[in-house]
Amino acid sequence: MYRKEAPDPTLKKLQASNWDNYIVGTFLKDSNTLEESQQNTLERIERLFPKIKKSNKILVLSDGNSFVPIYLSSKYQCKITILCETKEALDMMESDVEKYEQQDYISCLQRDFDQTQLDYDYYDMVYSMNSISSHKEVDRVLAEVRRTLVPQGRFILLEKSYNGDVSSDFDFYETDDFLRKALRADFEKVYFKEFSKETQDHYVAVRKKLDKEKKSVIKVDGEKGYKSAIEAVDKLIELSAENKMSWKFIQLQKRNA
């Protein structure tokens, strides 16, 4: 039976109500949409990934973003486990995996990131794309990720975090403190890049999208939810303008046991 070609995950239209699950965008002269900006960022950081093989086993920590795992599975046909802490996120991931016909490559589980119950020394890479920046047990997450990685396996993160000791309503970890905890968890830093300008441009674009799609956001989240989103994005714009917060790309390597 003829099987139609699966839709391209990079063309997925982003919903404004799901703004907090976007990764930071990179806006170029010839790309003006948030969808294009997300693709630009992924292409930038993909060049810094370890070489991905079809035989690789990859774990993705997700709280609602399916863009990265679906992109990786559709391009490399490697085995990927998506781990979600909430049933809501799990349902979103399973729906997207089916939509993009990636069931042969991706499985989804609901587990706590700091208590995965997964095998020791199993995954070649673990990814977190904005999934642990506000996690209350980030040190325990680091220890658990290390446990599941093979020796010299990579932990790859694209996350927002504070640039120093910042007083704010958000519970982001502070970058230097996170790196110290990673060192104590027996990781070494392989690569670090800060996306300062991109962070501010990203949230300005998100703010415009929320304004433009106000009715659809209110339909999903109500007037209160829309107002909360606007307030949060405005604070993020302010923090990024003052360089108190930004997205970072961090690559860590598990030391040999």
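None of the values given here were measured: they were computed from a predicted structure.

(A) Just the nonpolar core, in detail. In this structure, Trp19, Tyr127 and Leu210 are the most contacted members of the largest nonpolar core, which totals 56 residues. Those residues in contact with Leu210 that sit more than four places away from it in its chain are Ala16, Trp19, Val217, Tyr226, Ala229, Ile230 and Val233. Of all hydrophobic cores here, the second largest spans 23 residues; its members include Tyr123, Val145, Phe155 and Ala182.

(B) Representation of the pattern of salt bridges in the model. Scanning the entire structure with this criterion turns up 18 salt bridges. In this structure, the salt-bridge partner of Glu198 is Arg44, at a minimum N-O distance of 2.9 Å. With Glu198 in helix H6 (residues 196-212) and Arg44 in helix H1 (residues 34-46), the pair connects residues that are 154 residues apart, well separated along the chain. By relative accessible area, Arg44 is classed as partly exposed at 22%. The closest approach of N and O atoms between Arg180 and Asp177, which form a salt bridge, is 3.8 Å. Taken together, the residues Arg180 and Asp177, both in helix H5 (residues 175-184) and three residues apart, mark about one turn of the helix. A residue is classified by how much of its surface remains accessible, and Arg180, at 45% relative accessible area, is partly exposed. Overlapping salt bridges bring together Lys13, Lys209 and Glu213 as one network.

(C) Fine view of the packing of helix H4 (residues 138-148) against H5. The contact between H4 and H5 brings their axes to 9 Å, and the two run at 40 degrees. Overall, the two elements H4 and H5 adopt an arrangement that is oblique. When you trace H4 past H5, the crossing you get is right-handed. In this structure, H4 uses Val138, Asp139 and Leu142 to contact H5, whose residues at the interface are Phe178, Lys181 and Ala182. When grouped by side-chain class, the residues that make up the contact of H4 with H5 number four nonpolar, no polar and two charged.

(D) Geometry of the side chain of Ser37. Mapped onto the fold, Ser37 is located in helix H1. If near-sequence neighbours (up to four positions away) are discounted, Ser37 is found in contact with Gly25, Thr26 and Phe27.

(E) Seen up close, the environment of Val126. Following the sequence through the fold, Val126 ends up in strand S4 (residues 123-129). With a relative accessible area of 0%, Val126 lands in the buried category. Each C-alpha atom of the pair Val126 and Leu59 lies 4.6 Å from the other, and the pair is 67 residues apart in sequence.

(F) Broad picture of the sheet that holds strand S7 (residues 245-254). Taken in spatial order, the seven strands of this open sheet run S3-S2-S1-S4-S5-S7-S6, and their pairing is mixed. What marks the edges here is a single partner per strand, and that holds for strand S3 (106-110) and strand S6 (187-195). Across this sheet, the average inter-strand angle for adjacent strands is 15 degrees, counted without regard to direction. The pairing of strand S1 (residues 57-61) with S4 spans four bridges and is classified as parallel. Residue Ile58 lies in a different strand from S4, and its bridge partner there is Met125. Along the sheet, H1 makes contact with S4, strand S5 (149-162), S6 and S7, crossing S6 at roughly 145 degrees.

(G) Molecular detail of the pairing of S7. Buried residues dominate S7, accounting for 10 of its 10 residues. Burial of the side chains of S7 extends over both faces: Met245, Trp247, Phe249, Gln251 and Gln253 are buried on one face and Ser246, Lys248, Ile250, Leu252 and Lys254 on the other. In this structure, S5 lies alongside S7, joined through nine bridges in antiparallel fashion. When the sheet's bridge partners are listed, Lys160 is paired in S7 with Trp247.

About the cut-offs
Residues numbered from 1 in each chain as written. Predicted model: local features only at pLDDT ≥ 70, side-chain atom pairs only at ≥ 80, totals over all residues. Heavy atoms only, no water. Core = buried A, V, L, I, M, F, W, Y, C linked by side-chain atoms within 4.5 Å. Buried < 20%, exposed > 50% of the residue type's maximum accessible area, 1.4 Å probe, protein only. Contact = heavy atoms within 4.5 Å. Salt bridge = Lys/Arg side-chain N within 4 Å of Asp/Glu carboxyl O. Helix = DSSP H or I, 4+ residues; strand = E, 2+ residues; numbered from the N terminus. Axes fitted to C-alpha atoms, helices over the stretch in contact; angles between N-to-C directions. Parallel < 35°, antiparallel > 145°, perpendicular 65-115°, else oblique. Left-handed = near helix turned anticlockwise from the far one by under 90°. Nonpolar A, V, L, I, M, F, W, Y, C, P; charged D, E, K, R; others polar. Pairing = 2+ DSSP bridges.

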